[in-house]
Amino acid sequence: MFFRWLKRFLPRGLYGRAMLILLAPVVAVQLVVSVVFLQRHFDRVTEQMTRSVAIPLGYLLDEIAAAPDPGAAAARGGTLGAALGFTVTLPGDPVAEARLIYDLSGRSVVRTLHEVLPAVGGIDLAGDTGLVRLAAATPHGPAEITFRRARVSASNPHQLLVIMVLAGFLLTVVAYLFLRNQLTPIARLGEAASAYGRGRIVPYRLRGATEVRAAGRAFLDMRARLEQARAQRTLLLSGVSHDLRTPLTRLKLGLSLMDDDEDVRAMARDVADMEQMVDAFLDYARGEWTGAADPTVPADLARRVAGNAGRVGREVDLAVAPGAEAPVPMRARAVERAVENLVQNALRHGTRVRLAVAPQGGGVAFTVEDDGPGIPADRREEALAPFTRLDPARNHDRGGGAGLGLAIASEVARSHGGSLTLGDSALGGLRAELTLAGLSAG
Ligand SMILES: Nc1ncnc2c1ncn2[C@@H]1O[C@H](COP(=O)(O)OP(=O)(O)OP(=O)(O)O)[C@@H](O)[C@H]1O
Ligand SMILES: [Mg+2]
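The paragraphs below set out a description of the structure included in this document. The model shown is predicted, which means the values in this text are computed figures rather than measured ones.

1. Comments concerning the packing of helix α9 (residues 332-349) against helix α12 (residues 405-415)
Axis separation between α9 and α12 bottoms out at 9 Å; the angle between their running directions is 145 degrees. Remark: the crossing between α9 and α12 carries left-handed chirality. Facing Ala-334, Val-335, Arg-337, Ala-338, Asn-341, Leu-342 and Asn-345 of α9, the residues of α12 in contact are Gly-405, Leu-406, Ile-408, Ala-409 and Val-412. Tallied by class, the residues present in the contact of α9 with α12 amount to eight nonpolar, three polar and one charged.

This is the structure:
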């Protein structure tokens, strides 16, 4: 409970936490040493010094008391006081007790003087901080005695504290510099991992402490294995697709030689569907979403996609935001393919289709909407996975494909540092938003 509350005030970043771990003991040691030092020095040392001053002071007061008359007492006090380092005025003014609030050692001076010499009355440490002025009762009236403060207090007692704080500060700076070298490799590892998540392989060199190196090595192993798996999948997929093409072509040829009746036409349609699917597999396997990015005008790309739909006699409402005329670095072929997939889905499931393109952040967003049945919220994740077709029966008469369209679009978005999100459209059907972060050209 308490720790959770405390957590809110603790730094979140690794740097902040490391600094806290570093600073907390340094500050604690300084505090402890300061308190102990103050106690010892101001109390004990001051007390000892005051006791040694109280001896000649007591002797002086005794001598004054022993004088036969006030005149002799004043004379004796004057000469003896001068010899012992005291200025004596007899009779003197009354002295009020006074001490500055931060004069910590003064407390000990006052306490000790009162304790050792009962004749001492008021003690003034505040009037002139370089002097101690006190009143003492004598048989010849009150005497006023002054001596240097340095005789009862150590000089420059704060020096140790100042040196300690300075040294602590210096050591902290040095420790911070060393620490930064330890933390940078962790940050690098994070960058490499998140870049890979966005489909980019950045060079990563093992650096830093053993544990960080171990984590880095694990990451590199994982990345290599994922890459290997991807290469294998690609190989398999393209191998199978490629090998299927030849018998498909033969089938097509055979069908074209047969009599032109209803059954044969149906079979020819199935073969054409299969051919299309095989082509889709091949495209997906080739993974054309990697490669160089070139500056491309998003509005032109959207116009091309809408034009393609127009050529097969389907209307697409196009909404181009003014900012979409500025070029954005992207892999144009892959992006066009992704948008095309979204538009084709919309055309297949709806009658009205809207394609909007607008700048977003440093990149661009393509939004495709339709008035079809849409996809229920709990099945959207599933629809994005490769080779999944929701409700295959429904799709089939609408010419559904391999179930790769959304997977490819999502992969393209991810490789551009963006994402594909499915939602509800105001038109009544699905709303698919493809966002791309601006890639650096090259
Ligand atoms: N606009 C849409 N409206 C309703 N359902 C959709 C829409 N777009 C996609 N879906 C559903 O999501 C599933 C997956 O779509 P995806 O584009 O990945 O595959 P596909 O269209 O079946 O095949 P392919 O695109 O490879 O030819 C589709 O089978 C369909 O059920
Ligand atoms: Mg599709």
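From this point, the discussion proceeds with the structure in view.
2. Quick look at the pattern of salt bridges
Tallied over the entire structure, the rule returns 20 salt bridges. The salt bridge partner of Arg-230 is Glu-227, with a shortest N-O separation of 3.8 Å. Highlighted residues: Arg-230 and Glu-227, both in helix α6 (residues 210-257), separated by three residues, approximately one helical turn. Given a relative accessible area of 23%, Glu-227 falls into the partly exposed group. Among the salt bridges present, the one from Arg-380 reaches Asp-424, with a minimum N-O distance of 2.8 Å. Here Asp-424 lies in strand β10 (residues 419-424) and Arg-380 lies in helix α10 (residues 380-384), a separation of 44 residues in the sequence.

3. Some details on the pairing of strand β11 (residues 430-436)
Here is the key point about a regular strand: its side chains alternate between the two faces of the sheet. Among the seven residues of β11, six are classified as buried, and the element is accordingly described as predominantly covered. Pairing geometry for strand β9 (residues 363-370) and β11, over six bridges, is antiparallel. When the sheet's bridge partners are listed, Ala-365 is paired in β11 with Thr-435. Bridge analysis of β10 against β11 gives six bridges, and the strand direction is antiparallel. By the bridge assignment, Gly-423 is partnered in β11 with Arg-431. Hairpin connection between β10 and β11: a loop of five residues separates the two successive antiparallel strands, and Gly-428 in this loop has a positive phi of roughly 115 degrees.

Cut-offs applied
Residues numbered from 1 in each chain as written. Chains lettered and ligands numbered in written order. Predicted model: local features only at pLDDT ≥ 70, side-chain atom pairs only at ≥ 80, totals over all residues. Heavy atoms only, no water. Axes fitted to C-alpha atoms, helices over the stretch in contact; angles between N-to-C directions. Helix = DSSP H or I, 4+ residues; strand = E, 2+ residues; numbered from the N terminus. Left-handed = near helix turned anticlockwise from the far one by under 90°. Contact = heavy atoms within 4.5 Å. Nonpolar A, V, L, I, M, F, W, Y, C, P; charged D, E, K, R; others polar. Salt bridge = Lys/Arg side-chain N within 4 Å of Asp/Glu carboxyl O. Buried < 20%, exposed > 50% of the residue type's maximum accessible area, 1.4 Å probe, protein only. Pairing = 2+ DSSP bridges.

By themselves, these observations are geometric and do not establish any function.
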